Structures are given as C-alpha cells and as structure tokens.
Amino acid sequence: MAYFNAVYQSDLSHRARAVYMYLKDRSDAEGQCWPAIKTIGAELGLSRSTVKRALDDLCKAGLLQKDPRWRENGSYTSNLYRLL
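Residues numbered from 1 in each chain as written. Predicted model: local features only at pLDDT ≥ 70, side-chain atom pairs only at ≥ 80, totals over all residues. Heavy atoms only, no water.

You'll find the protein entered in an unreviewed UniProt entry as Helix-turn-helix domain-containing protein, with Brotocaccenecus cirricatena given as the organism.

Written out as structure tokens, the structure is:
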C-alpha cells in the first residue's frame, strides 16, 4: 500500500482518490488501463462530469497520464490511463 502514500498525503478530493484507487485496481503490471469514463462512473456511483474532473485533478497532480486512443476507422475510443 506504499504506492497510495502520494494519494493519501495529497490535497486531492475524495472523488480523485476514489478514481485513482479504481484505476490502480484495474491496471496491469505496467500501470496501464483503459476503462471508459461511463464505466468508471457507473461502478463508482459518480457522474461522468465528476469522473472527468477527478481525472483532470489526477493529471494535474502528476499521478496520471491520459492518452487518447483511436480505432482503425479513425473514431475515438476510451483513453489509455498510465499511473505514474
């Protein structure tokens, strides 16, 4: 649980902490995962807007890198999240 120290000792909101722990729980060995914002919100009981604010807070805090992903036909799909 040492990797949560940066989250626990930060000024992050409770929503950002919850989203971080959700992403950490679903990430692979390299700290990557790609759940949809709608999925995150549904599983945590948060609105899409709240999830987006939490993700932005985590990026600003330097705990998360968010990369867009695209399908072969050029349409947008879920983001790739990298826990830092």
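Engineer: How do you make sense of the overall build of the protein when you look at a structure like this?
Structural biologist: Tallying secondary structure elements over the protein gives 4 helices and 3 strands in all. Secondary structure elements of the protein occur, N-terminal to C-terminal, as α-α-β-α-α-β-β. By the burial criterion, 36% of the 84 residues in the protein qualify as buried. Residue pairs in contact within the protein that sit at least 24 positions apart in sequence constitute 43% of those at least 6 positions apart. A total accessible area of about 5300 Å² is found for the protein, and carbon and sulfur atoms account for 49% of it. (Helix = DSSP H or I, 4+ residues; strand = E, 2+ residues; numbered from the N terminus. Buried < 20%, exposed > 50% of the residue type's maximum accessible area, 1.4 Å probe, protein only. Contact = heavy atoms within 4.5 Å. Areas by Shrake-Rupley, 256 points an atom, 1.4 Å probe, with all protein chains shown as cover.)

Engineer: Help me understand the packing of helix 2 (residues 14-26) against helix 4 (residues 48-60), please; the structure alone is not making it clear to me.
Structural biologist: The geometry of a pair of packed helices is captured by two quantities: the angle between their axes and the separation between those axes. Two elements in contact, helix 2 and helix 4, have axes whose closest approach is 8 Å; the angle formed by their N-to-C orientations is 80°. One element, helix 2, and the other, helix 4, form an angle in the roughly perpendicular class. Here Arg-15, Ala-16, Val-19, Tyr-20 and Leu-23 of helix 2 lie close against helix 4, whose contacting residues are Thr-50, Arg-53, Ala-54, Leu-55, Asp-57 and Leu-58. Class assignment for the residues of the contact of helix 2 with helix 4 results in 7 nonpolar, 1 polar and 3 charged. (Axes fitted to C-alpha atoms, helices over the stretch in contact; angles between N-to-C directions. Parallel < 35°, antiparallel > 145°, perpendicular 65-115°, else oblique. Nonpolar A, V, L, I, M, F, W, Y, C, P; charged D, E, K, R; others polar.)

Engineer: Can you walk me through the sheet that holds strand 3 (residues 76-83) in this structure?
Structural biologist: Sheet strands associate in pairs through backbone hydrogen bonding, adopting either a parallel or an antiparallel arrangement. An order of 1-3-2 is seen for the 3 strands of this open sheet, with the pairing classed as antiparallel. Looking at strand neighbours, the two that pair on one side only are strand 1 (32-33) and strand 2 (64-70), the edges of this open sheet. For strand 2 and strand 3, the ladder comprises 6 bridges, and the chain directions are antiparallel. If you follow Leu-64 over to strand 3, its bridge partner there is Leu-83. Strands strand 1, strand 2 and strand 3 of the sheet are contacted by helix 2, whose axis makes an angle of about 90° with strand 3. (Pairing = 2+ DSSP bridges.)

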